[in-house]
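Spelled out from the first residue to the last, the chains are:
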Amino acid sequence: QLAGWLSLENVILVAVSLAIGTGLGLLIAWVVLPFVTLTQAGSQPLPGLVIAIPWGQVLLLEGVALGALAVTVSVLALVLRRVGLGSALRIGED
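Residues numbered from 1 in each chain as written. Predicted model: local features only at pLDDT ≥ 70, side-chain atom pairs only at ≥ 80, totals over all residues. Heavy atoms only, no water.

1. A closer look at the overall build of the chain
Now for step 1: A tally of regular secondary structure across the chain gives 4 helices and 0 strands.
Now for step 2: Mapped in sequence order, the helices and strands of the chain form the string α-α-α-α.
Now for step 3: When burial is assessed residue by residue, the chain has 11% of its 94 residues classed as buried.
Now for step 4: A total of about 7,500 Å² of accessible surface is found on the chain, and carbon and sulfur atoms cover 72% of it. (Helix = DSSP H or I, 4+ residues; strand = E, 2+ residues; numbered from the N terminus. Buried < 20%, exposed > 50% of the residue type's maximum accessible area, 1.4 Å probe, protein only. Areas by Shrake-Rupley, 256 points an atom, 1.4 Å probe, with all protein chains shown as cover.)

2. Considerations on the environment of Leu-18
Now for step 1: Along the chain, the position of Leu-18 falls in helix H1 (residues 2–31).
Now for step 2: Along the sequence, Leu-18 and Ala-65 sit 47 residues apart, while their C-alpha atoms lie 8.6 Å from each other.
Now for step 3: If near-sequence neighbours (up to four positions away) are discounted, Leu-18 is found in contact with Glu-62, Ala-65 and Leu-66. (Contact = heavy atoms within 4.5 Å.)

3. Topic: a nonpolar patch on the surface
Now for step 1: Where nonpolar side chains cluster on the molecular surface, the patch consists of Leu-24, Leu-27, Ile-28, Trp-30, Val-31, Val-32, Leu-33, Phe-35, Val-36 and Leu-49 and spans about 960 Å² of accessible area.
Now for step 2: Among the secondary structure elements, those contributing two or more residues to the nonpolar patch are H1 and helix H2 (33–36).
Now for step 3: Considering every element that reaches the nonpolar patch, the biggest residue donor is H1, with 5 residues.
Now for step 4: Overall, the relative accessible area of 49% leaves Leu-27 in the partly exposed class. (Patch = residues over 30% accessible without salt bridge, like charges linked within 9 Å, V, L, I, M, F, W, Y side chains within 5 Å. Salt bridge = Lys/Arg side-chain N within 4 Å of Asp/Glu carboxyl O.)

If you want it as structure tokens, here you go:
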């Protein structure tokens, strides 16, 4: 049961982090990038800047983050099962 709650907590945290991080990255790309792209002469490039988002790579990176979460939570659940919940909760009470 403890492993289930830890999994749920971490999944929610990672999902919110990925959504906000992706949204913030897109916002910065669309708002800031056109103003900081200049030619060697310091003028705006012609034709204008076209922003292309590599969605395949973005989804791959987010999938790797979710996979790392799954491995971490699985290892944590195995360690908690081996140690035992009672002794894990009493660490430092000596």
